[in-house]
Amino acid sequence: MAFPEKLKQADLYIDGRWCAEQTSVTLPKLGRKLEDFRAGGMNRPVKVDMGGEALEAEWTCGGWVRDIIRGFGAMSIEGQQMRFVASAQDDATGAVHSWEAVIGGRHEELDLGEAKPGEDTELKGKTAVAFFSLHRDGEELVHIDVLGMVERYGGVDIMEAHRTALGRF
């Protein structure tokens, strides 16, 4: 019987600088835009792929994080890079695995929440994502560079032929 890996430790880096305040992250949901297509001679429609859905991430940090607040005004689409690293352990074998997620984007929302003397503060945010990568033990699982027109899953770039057709190498 296989047991799921359990997240044990995590860190957050903002633009390459370590930030101890991370408490949680909701990584981008991977979604495809599919539309019905029914041609003559077809008894029912099939879904055709029209590209991916917009990516967004949500996260919460303990305390107010100066570097994130400063990055809110970024004007570029990949305005701030957030790198989430975590260790997960397989309780059946004891093996520890590393997970790394990198997102680049603009912050859509920052919520500094309620502040009371003597109580913890937190910063919640939502980021519109233009770049996303996910690795496990160094193996690339997902790499999406929206502006670069690159989209790899398990090492297979589903946009390579399109870039070639458009003369974008």
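Let us look at the structure shown here. (Residues numbered from 1 in each chain as written. Predicted model: local features only at pLDDT ≥ 70, side-chain atom pairs only at ≥ 80, totals over all residues. Heavy atoms only, no water.)

Some details on the pattern of salt bridges
What counts is decided by this rule: By definition, a salt bridge exists where a carboxyl oxygen of Asp or Glu is found within 4 Å of a side-chain nitrogen of Lys or Arg. Put simply, DSSP H or I for four residues or longer makes a helix, DSSP E for two residues or longer makes a strand, and each gets a number counted from the N terminus. Only protein chains enter the calculation, and the probe is 1.4 Å; a residue is then buried if its accessible area is under 20% of its type maximum, exposed if over 50%, and partly exposed in between.
Within the structure shown, the criterion is met by 14 salt bridges. With a closest N to O distance of 2.8 Å, E140 and R152 form a salt bridge. You can see E140 sitting in strand β10 (residues 139-145) and its partner R152 sitting in strand β11 (residues 150-153), a full 12 residues away along the chain. Among the salt bridges present, the one from R163 reaches D157, with a minimum N-O distance of 2.8 Å. Take R163: its relative accessible area is 12%, and that puts it in the buried class. When its relative accessible area of 15% is taken as the criterion, D157 is described as buried. Each member of the salt-bridge network shares a partner with another, and the members are E5, R136 and D137.

Observations regarding the environment of I103
Here is the rule: Contact between two residues is taken to exist if any of their heavy atoms lie within 4.5 Å; hydrogens are not considered.
With respect to the helices, strands and loops of the structure, I103 is situated in strand β8 (residues 96-111). What makes I103 buried here is its relative accessible area of 0%. For the pair I103 and G51, spaced 52 residues apart in sequence, the C-alpha separation works out to 19 Å. Excluding residues that lie within four positions of it along the chain, I103 makes contacts with P28, A57, Q80, Q81, M82, F84, T127, V129, F131 and F132.

Looking at the environment of C19
Within the secondary structure layout, C19 lies in strand β2 (residues 17-19). When its relative accessible area of 6% is taken as the criterion, C19 is described as buried. When neighbours within four sequence positions are excluded, C19 is seen to be in contact with L12, Y13, I14 and V65.

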